[in-house]
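# Close look at the chain arrangement
Each chain, letter by letter, is given below.
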Amino acid sequence: MKTPKGTRDLLPEDTHLFQLIEQRALTHFARYGFAEIRTPIFEETALFHRSIGGDTDIVTKEMYSFVDKGGRNLTLRPEATASVCRAVLQHNLVGPDDVVRLMYLGPMFRHENPQAGRYRQFFQLGVEVFGSLDPIIDVETIDALMRFLEPFHLPNLELVLNSVGDQTDRPAYLEYLRRELSKKADRFCRDCQRRIAHNVLRVLDCKEDACQAELEGLEPISNFWSPENRAHFEAVCEGLTRLNHPFSLNPRLVRGLDYYTRTTFELISGDLGAQSAVMGGGRYDRLTEHLGGKAIPAFGWALGIDRLVAILKEHTSVEPARPDVFFVFGQRAWLDELFPFLCALRDKGLSVAFDQRVGSFKSQMKRANRSGARWAVILGDDEMRDHSVTVKDMDQSQQETIPMERLWSKVTEKKGENHGR
Ligand code: AMP
């Protein structure tokens, strides 16, 4: 038996990077006031129809939908913004004057054609800010993202921005696009021919070169922006410039979900091949209304953790977790005798390894080496007699013998020095 198509087991060489990202995210975004929300992995199918849009690729082709034993139409979530909005409305989390910041981590499911960087179960980190139309929220939330990524030192990342307008100015642009594209609909791919009739904005981000070529010479959406939407977008651009976040503009960046209004943005990596988007997001001021609730302006983004891990593996040397100490015993009986001591060291925060087979010193040292342990702690005849331990620094091949009770302080003191380096 194997994992189903498009899914994969995340093995320790990957999970330690997933954990690094997730742990850093929880700490980092808490500084911006984000609190974690966990919504169910499946929702009523109608939620995604009403939010993502009935004519998007996600809803028409990619959802894992099923009828449960109670006859309910359910879907494994293809993304989490819809679920978070549902939760905000269901629990009335946002009062009239509130700004509420929520973040989430977890798996999403889309029945896409698997390829490098594209899976049927993948993981996202996302944030959503509810309750303000102010462009400073767009700026702050993008800033939070950029500062989160900074310590990872990822090369070749490009922040790309656009505004897709809203109900005041977008209809005129859609009308213009429909008129112009209908004149030469037969030159577009089959999907785009359908989009021209039903969801014309999505033609702009079709991946087919031929379709992109046909778009040359069309007016950009910016020519249609209302004064308010233009001012909003300019304020976002100015705010990002003030914070030294370089970006470029792409008038064809419309994103694959229907709920966006005004700002849309993506981070593109030069290192990911065809699946180059590391994350995407934007403003969605009308989504809660589409779901039948009150109007709550909002801004958010979702980052693909699998893709971030892929870049990290390519470019950085984040070391997997290694034991702090590996115990090497002269006799099996000493392991039994000292076992409570080993357990107490773990209680105090050290990661402790040993080989239960004990065996020869040589073979135990080999295993200590293979484990990647920082220190080998050796207990031979002399050490047992003197109630001491010999601590070998595995990185520098130096060793010294110290009283057993000093082991913890010695190792943690050295651990501190090590961290400071
Ligand atoms: P979206 O929810 O479509 O805006 O996607 C946000 C981010 O999630 C993308 O930029 C990707 O990094 C990631 N993502 C989306 N779909 C997949 C997938 N099928 N496999 C892996 N990552 C994905």
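Residues numbered from 1 in each chain as written. Predicted model: local features only at pLDDT ≥ 70, side-chain atom pairs only at ≥ 80, totals over all residues. Heavy atoms only, no water.

### So, the overall build of the chain
- Helices and strands together make up the secondary structure of the chain, namely 15 helices and 16 strands.
- Against the 2.2 N^0.38 benchmark of 22 Å for 421 residues, the chain shows a C-alpha radius of gyration of 27 Å, more extended than a compact globule.
- C-alpha extents for the chain along the principal axes are approximately 90 × 50 × 45 Å.
- Scored against the burial criterion, the 421 residues of the chain give a buried share of 50%.
- Taking all contacts inside the chain whose residues are at least 6 apart in sequence as the whole, residues at least 24 apart take part in 69%.
- Accessible surface, the chain: about 20,700 Å² in total, of which carbon and sulfur atoms supply 50%. (Helix = DSSP H or I, 4+ residues; strand = E, 2+ residues; numbered from the N terminus. Rg over C-alpha atoms; globule rule 2.2 N^0.38 Å. Buried < 20%, exposed > 50% of the residue type's maximum accessible area, 1.4 Å probe, protein only. Contact = heavy atoms within 4.5 Å. Areas by Shrake-Rupley, 256 points an atom, 1.4 Å probe, with all protein chains shown as cover.)

### Describing the environment of Gln364
- With respect to the helices and strands, the residue Gln364 is situated in helix α13 (residues 361–371).
- Given a relative accessible area of 0%, Gln364 falls into the buried group.
- Separated by 38 residues in the primary sequence, Gln364 and Phe326 have C-alpha atoms spaced 9.0 Å apart.
- Beyond its immediate chain neighbours, meaning those up to four positions away, Gln364 contacts Phe326, Phe327, Val328, Phe329, Val358 and Gly359.
- For Gln364, the side chain forms a polar contact with the main-chain oxygen of Val358, separated by 3.1 Å. (Polar contact = N/O pair within 3.5 Å; in protein donor to acceptor, adjacent residues only side chain to side chain.)

### Comments concerning the site of the ligand
- As a matter of local geometry, the ligand sits amid 15 residues, with Arg110, Glu112, Tyr119, Arg255 and Val278 nearest to it.
- Measuring from a nitrogen atom of the ligand, one finds a side-chain N or O atom of Glu112 at 2.6 Å.
- Between the ligand and Ala277 there is a distance of 3.1 Å, counted from an oxygen atom to a backbone nitrogen or oxygen.
- Of all the elements in the fold, those that place two or more residues in the shell around the ligand are β6 (121–130), β10 (277–283) and β11 (298–304).
- Examining the composition of the shell around the ligand, we find that three residues originate from one element, β10, more than from any other. (Near = heavy atom within 4 Å.)

### Comments concerning the sheet that holds β6
- What the eight strands build is an open sheet, ordered β1-β5-β6-β11-β10-β9-β7-β8; its pairing is mixed. For this open sheet the edge positions go to β1 (35–36) and β8 (248–249), each flanked by a neighbour on one side alone.
- Direction of pairing for β6 relative to β11: antiparallel, over a ladder of seven bridges. Across the sheet, Leu125 pairs through a bridge with Leu303, a residue of β11. (Pairing = 2+ DSSP bridges.)

### Quick look at empty space enclosed by the protein
- Within this structure, the stated rule accounts for one cavity of 30 Å³ or more.
- Across the lining of the largest cavity, the residue classes break down as two nonpolar, two polar and two charged. (1 Å grid on protein atoms, 1.4 Å probe; cavity = no way out; pocket = protein on both sides within 12 Å on 5 of 7 lines; lining within 4 Å. Points joined across faces, edges and corners; volume = space filled by probe spheres on them. Nonpolar A, V, L, I, M, F, W, Y, C, P; charged D, E, K, R; others polar.)

### A word on helix α7 (residues 190–198)
- Residues of α7 that are buried: Cys192, Arg195 and Ile196. Here the buried residues of α7 occupy an arc of 105° about the axis, which is enough to place them on one side. Exposed residues pointing more than 90 degrees away from the buried face of α7 are listed as Arg190, Ala197 and His198.
- Each element contacted by the buried residues of α7 is listed here: α3 (57–61), α6 (170–182) and α8 (209–214). (Arc of directions from axis to C-beta.)

### Comments concerning the pattern of salt bridges
- A complete count under the given rule lists 31 salt bridges for this structure.
- Note that Arg38 and Glu36 form a salt bridge whose closest N and O atoms lie 3.0 Å from each other.
- One network of salt bridges, with partners in common, ties together Asp57, Lys61, Asp191, Arg194 and Arg195. (Salt bridge = Lys/Arg side-chain N within 4 Å of Asp/Glu carboxyl O.)

### A few points about the packing of helix α2 (residues 45–52) against helix α4 (residues 81–90)
- For the pair α2 and α4, the least separation of the axes is 9 Å and the interaxial angle reads 105°. Overall, the two elements α2 and α4 adopt an arrangement that is roughly perpendicular. Residues Leu47, Phe48 and Ser51 of α2 pack against Ala82, Ser83 and Arg86 of α4. (Axes fitted to C-alpha atoms, helices over the stretch in contact; angles between N-to-C directions. Parallel < 35°, antiparallel > 145°, perpendicular 65-115°, else oblique.)

### As for the environment of Pro78
- The residue Pro78 is located in the loop between β4 (73–76) and α4 in this model.
- Measuring from C-alpha to C-alpha, the distance between Pro78 and Pro227 comes to 35 Å, with 149 residues separating the pair along the chain.
- Filtering out sequence-adjacent residues up to four positions away, Pro78 remains in contact with Phe48, Ile52, Ile58, Met63, Met108, Phe109, Arg110 and Phe122.

### Topic: helix α12 (residues 332–347)
- End to end, α12 covers 23 Å across 16 residues, agreeing with the expected 22 Å (1.5 Å per residue, within 8%).
- Of all the bends found along α12, the most pronounced is centred on Leu338 and spans about 55°, while Pro340, a proline, follows it within four residues.
- Here α12 has its buried residues at Trp334, Leu335, Leu338, Leu342 and Leu345.
- Two residues or fewer after α12 comes Gly349, characterised by a positive phi angle close to 110°. (Expected span 1.5 Å × (residues − 1). Bend = angle between axes of the 7 residues up to and from the residue.)

### Digging into the side chain of Arg307
- Here Arg307 lies in helix α11 (residues 305–315).
- Among buried charged residues, Arg307 stands out as having no salt bridge; its nearest opposite-charge side chain is Glu112, 5.7 Å away. (Lys, Arg positive; Asp, Glu negative; His and termini not counted.)

### Examining the sheet that holds strand β15 (residues 388–393)
- Pairing within the open sheet is mixed, and its five strands lie in the order β13-β12-β14-β15-β16. Each having just a single partner strand, β13 (352–354) and β16 (398–403) make up the two edges of the open sheet. If you compare each strand with its neighbour and ignore which way they point, the axes differ by 25° on average.
- When strand β12 (residues 325–329) meets β13, the two strands line up parallel, connected through three bridges.

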